[in-house]
Amino acid sequence: MDRIRIIGGERLKGIIPISGAKNSALPLMIASLLTRQTLTLKNVPRLADVTLLSRILGNHGVDVTVVGKKAGQRTSDGQTFRLTAAEIVDTTAPYEMVARMRASFWVLAPLLVRCGQAKVSLPGGCAIGTRPVDLHLSTLQALGAEIELEGGYVIARAPSGLTGAKITLEKVSVGATHNALMAATLARGESLIENAAREPEVMDLATCLVEMGAKIDGIGSSTLHVQGVDELHGAEHTVLPDRIETGTYAMAAAITGGEVFLEGARGDLLQEALELLRRSGVEIEETATGIKVARNGHGLGPVEVNTAPFPGFPTDLQAQLIALMCMAEGTSTVRETIFENRFMHVQELARLGARIDLKGDTAVVTGVNGLTGAQVMATDLRASVSLIIAGLAAQGETVIGRVYHLDRGFERIEEKLSQCGAQIERLSS
Ligand code: UD1
């Protein structure tokens, strides 16, 4: 299993290109199941989750082609995918595949609405709490699907199609909103989705669906009106820049006291996180082509924050923020309100000398003068990158095991960081 080795203490300085958002690319790829025609996606990141989802979609009959490199294209430019689901040959998503990536469960709605049936394994993904799928199922039931659970599989049937309905999500859920949107676009009549997630990746999916011929009003708000259509058609869509990757590298620059330009990043996708960094003393300048992040000379102040659905502070940046606050002057409190059990990075950060007390859903982080390199273990996608952030600031050598978690969501991370002066390398085994 690969490991990552970091010798900490170097200030990051340079340009980091921001990739397309993983959490947009995955539902957008899944949306290709909704039409016989080709959906072309640009700016798709090179990630293990994208490769795995390509295989899963291939199993359903989707032809996935990655367009070759064109003259003048850089490695940092995203890939272009063409996805064509001319015929769905298999409506079962097997355990072996879905258990490895939670988002692949989202094939349920498009398979059901296009083929009248679907059998999808209950999901896996990052071990960050129980992560139920009740909202996904009640959404489809509201649209008229019959749902059974059997042998670890969800079996959904709607032989005469789905019918538009009012769906009120009890809890804000990104995945359930994706599912509801995809199902409602091809349901008969009008649907109203209340308490919808407003995450930029939901907007990205909704925008792409509209480009494919869907009728959706209220994009960007928590109430979505969908007027069902008979069929969708092909389209070309560019994946949003990754706001979580943006926030992660901003914090990496901040912890090293460095100065980086996050090329292609969009500040409007993570205002709350950027404001928090500014309050902590990080200089942030948003430009038309990216975001400049610097911390020149002065210390970091502590913060108090709760994770929350968009536009609040994202749970996917919680681990990275805790790593950063380990080096702040004072005590920070970080409350996780979205997922229980999303503090597995805390014990690993403690191995580097961090002082963090867990009190229920809140981490109380007392800044220390310095961290010291150690051997640590990645436990989930965002936790693993928090260890990289801490390792960049720690004295001496940090070796991070189980980096396959990282490869699921961060494109060429060691390359992007070493180009800015970090001493970081992958140890292959
Ligand atoms: C997505 C993101 C993930 C991010 C999360 C929250 C992708 C691929 N993943 O995950 O990176 O951390 O949004 O921003 O886009 N819940 C239920 N019942 C359900 C569904 C969810 O109770 O049927 C709960 C979850 O346990 C959690 C909360 O709702 O407490 C939010 O989860 P949700 O927004 O659905 O997360 P995902 O879509 O899985």
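Computed from a prediction, not measured in an experiment: that's the story for all the values here.

A. Region of the structure containing the sheet that holds strand E20 (residues 355-359). Here four strands make up an open sheet; going across it, the order is E18-E19-E21-E20 and the pairing mixed. Of all strands in the sheet, those bounded by a partner on one side alone are strand E18 (304-306) and E20. Averaged over all neighbouring strand pairs, the angle between strand axes comes to 15°, with direction disregarded. Relative to strand E19 (residues 331-335), E18 runs parallel, the two sharing three bridges. For Glu304, the partnering residue across the bridge sits in E19 and is Thr333.

B. Looking closely at the sheet that holds strand E4 (residues 63-66). In spatial order, the strands read E4-E5-E3-E14; together these four strands make up an open sheet with mixed pairing. Strands with a single pairing partner mark the edges of an open sheet, and in this sheet they are E4 and strand E14 (235-238). In this sheet, neighbouring strand axes are inclined to one another by 15° on average, regardless of whether the strands run parallel or antiparallel. For strand E3 (residues 38-44) and strand E5 (residues 79-84), the ladder comprises five bridges, and the chain directions are antiparallel.

C. Broad picture of the nonpolar core. Grouped together as the largest cluster of nonpolar side chains are 76 residues, with contacts concentrated most on Phe105, Leu108, Leu162, Leu181, Ile193 and Leu209. Non-local contacts of Ile193, meaning those with residues more than four positions away in its chain, are made with Ile167, Leu169, Ala180, Leu181, Ser222, Thr223, Leu224 and Val226. Listed in part, the 69 residues of the second largest apolar core include Leu321, Ile356, Leu392 and Val403.

About the thresholds
- Residues numbered from 1 in each chain as written.
- Predicted model: local features only at pLDDT ≥ 70, side-chain atom pairs only at ≥ 80, totals over all residues.
- Heavy atoms only, no water.
- Pairing = 2+ DSSP bridges.
- Helix = DSSP H or I, 4+ residues; strand = E, 2+ residues; numbered from the N terminus.
- Axes fitted to C-alpha atoms, helices over the stretch in contact; angles between N-to-C directions.
- Core = buried A, V, L, I, M, F, W, Y, C linked by side-chain atoms within 4.5 Å.
- Buried < 20%, exposed > 50% of the residue type's maximum accessible area, 1.4 Å probe, protein only.
- Contact = heavy atoms within 4.5 Å.

Any functional reading would require information that these geometric values do not contain.
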